[in-house]
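# Working through the structure, step by step
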Amino acid sequence: AKDPAAEAFERASQREFGGNPALDVRVGHFNDAQGNPQIYVLSPGRLKDTCLHCHGAFGIDVFKGHKAGELVASFGVSMSTADMYRTQRNMGILAVVGGLGLLIVISAILIQRVKSSILTPLDHLSGAIGRVATGDMTVMAPVESEDEIGQLARTFNGMVADLNQALS
């Protein structure tokens, strides 16, 4: 026994194929009697002149007065789309997980860059300040960039040089 939804789709398709000779395919999506998602693809079978000639040459009159171009059949394929939807859902989950993983990697790279470009020079400057505080007036802070932190290191080095000059 055919599924009622499939039969209804076939009937509607036959009507549309009969009323529109340019229509070459219909696709239907529905759930079967068990609730499983289905896809059904139907194509019209229109009588061709070659069919009439060939069958006529062998004395086979299966078309009983039909003319070329008339709808005499339809051909279809149906299949469950449950696996396709499951795969689509799994791919979506994989994309989200992969995106989050990529975001974590990019964040780690950015954190490392921030650390190396800001925190490391500040650590060097902090160490130099600590050594000056203990009386080591020979220390110089490394100038590692041309940005504000580099300017701060140059200012600190100038201050230490001024202190050395004042103390001598």
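A brief look at the structure comes next. Keep in mind it's a predicted model, so treat the numbers as computed, not measured.

Turning our eyes to something else, we now look at the environment of Val-114. Mapped onto the elements of the fold, Val-114 is located in helix 3 (residues 82-133). Since its relative accessible area comes to 44%, Val-114 is described here as partly exposed. C-alpha of Val-114 to C-alpha of Gln-151: the two residues are 37 residues apart in sequence and 18 Å apart in space.

With respect to topology, 3 strands assemble into an open sheet ordered 1-2-3, the strand pairing being antiparallel. The two strands at the open ends of the sheet, each matched to only one other strand, are strand 1 (26-31) and strand 3 (71-80). Along the sheet, successive strands turn relative to each other by an average axial angle of 25°, direction set aside. Relative to strand 3, strand 2 (residues 37-46) runs antiparallel, the two sharing 9 bridges. Pairing of Ser-43 across the sheet is with Phe-75, part of strand 3. Of the strands in this sheet, strand 1, strand 2 and strand 3 are in contact with helix 1 (residues 4-19), which crosses strand 1 at around 160°.

On inspection of all chains with the given rule, the structure shows 0 disulfides. With no disulfide of its own, Cys-54 lies closest to Cys-51 among cysteine sulfurs, the gap being 8.0 Å.

In this section: the pairing of strand 1. Alternating residues of strand 1 divide into Arg-26, Gly-28 and Phe-30, all buried, and Val-27, His-29 and Asn-31, none buried. Relative to strand 2, strand 1 runs antiparallel, the two sharing 6 bridges. Paired with Val-27 across the strands is Val-41, a residue of strand 2. What sits between strand 1 and strand 2 in their antiparallel hairpin is a turn of 5 residues, with Gly-35 showing a positive phi close to 90°.

This brings us to empty space enclosed by the protein. Regions of empty space are outlined by a rolling probe, equal in size to a water molecule, passed over the atoms. Overall, the coordinates contain 1 cavity of 30 Å³ or more when judged by the stated rule. Tallying contributions element by element places helix 4 (residues 148-167) first for the lining of the largest cavity, with 3 residues. When the residues that make up the lining of the largest cavity are grouped by side-chain class, the tally is 5 nonpolar, 2 polar and 1 charged.

Along an α-helix, residues three or four apart share an orientation, since each turn contains 3.6 residues. Over its 20 residues, helix 4 runs 28 Å from end to end, which matches the ideal 28 Å to within 8%, given 1.5 Å per residue. For helix 4, every residue scored as buried is listed here: Ile-149, Gly-150, Ala-153, Phe-156, Asn-157 and Val-160. Projected onto a plane normal to the axis of helix 4, the buried residues spread over an arc of 120° and lie on a single side. Away from its buried face, by an angle of more than 90 degrees, helix 4 presents the exposed residues Glu-148, Asp-162, Gln-165 and Ala-166. Among the residues of helix 4, the N-terminal cap falls to Asp-147, whose side-chain oxygen and the backbone nitrogen of Ile-149 are separated by 3.1 Å.

A separate point is the packing of helix 3 against helix 4. Running from amino to carboxyl end, helix 3 crosses helix 4 at an angle of 10°, the nearest separation of the two axes being 10 Å. Relative to helix 4, the element helix 3 lies roughly parallel. As helix 3 packs across helix 4, the resulting crossing turns out to be left-handed. From helix 3, Ser-117, Ile-118, Pro-121, Leu-122, Leu-125, Ala-128, Ile-129 and Val-132 reach across to helix 4, where they touch Ile-149, Leu-152, Ala-153, Phe-156 and Val-160. A breakdown of the residues in the contact of helix 3 with helix 4 according to their chemical character gives 12 nonpolar, 1 polar and no charged.

So, how was this worked out
Numbers given to residues run from 1 along each chain, matching the order in which its sequence is written. Whole-chain, interface and lining totals are the exception, using all residues; otherwise, since this is a predicted model, local features are given only for residues with pLDDT of at least 70 and side-chain atom pairs are given and counted only at 80 or more. To obtain the side-chain values, all non-hydrogen atoms of the structure were used and water was disregarded. Numbering of helices and strands runs from the N terminus, with a helix taken as a DSSP run of H or I at least four residues long and a strand as a DSSP run of E at least two residues long. For every residue, the accessible area (1.4 Å probe, protein chains only) is compared with the maximum for its type, and the residue is labelled buried under 20%, exposed over 50%, or partly exposed between those bounds. Should DSSP find at least two bridges between two strands, the strands are taken to pair. To define axes, lines are fitted to C-alpha atoms, for helices over the stretch in contact only, and angles between the resulting N-to-C directions are given on a 0 to 180 degree scale. The criterion used for residue contact is that any of the two residues' heavy atoms lie within 4.5 Å. Note that a disulfide, as used here, is simply two cysteine sulfur atoms within 2.5 Å. Only protein atoms enter the 1 Å grid, on which a cavity is a set of points fitting a 1.4 Å probe that cannot get out and a pocket is an open set with protein on both sides within 12 Å along at least 5 of 7 lines, lining residues being those with an atom within 4 Å of a point. Grid points are joined across faces, edges and corners, and a volume is the space filled by probe spheres set on the points. All residues other than Ala, Val, Leu, Ile, Met, Phe, Trp, Tyr, Cys, Pro, Asp, Glu, Lys and Arg, Gly among them, are scored as polar; the first ten of these are nonpolar and the last four charged. Multiplying 1.5 Å by the helix residue count minus one yields the expected span of that helix. Here, the arc refers to the directions that run from the helix axis to the C-beta atoms. Within 3.5 Å is the distance limit for a polar contact, defined as a pair of N or O atoms, with the added protein rule that one can donate a hydrogen and the other accept it, and that residues adjacent in sequence qualify only through two side-chain atoms. What sets the label is the angle itself: under 35 degrees gives roughly parallel, over 145 gives roughly antiparallel, 65 to 115 gives roughly perpendicular, and the rest give oblique. Two helices that cross are described as forming a left-handed crossing if the nearer one is turned anticlockwise from the farther one by less than a right angle, and a right-handed crossing if clockwise.

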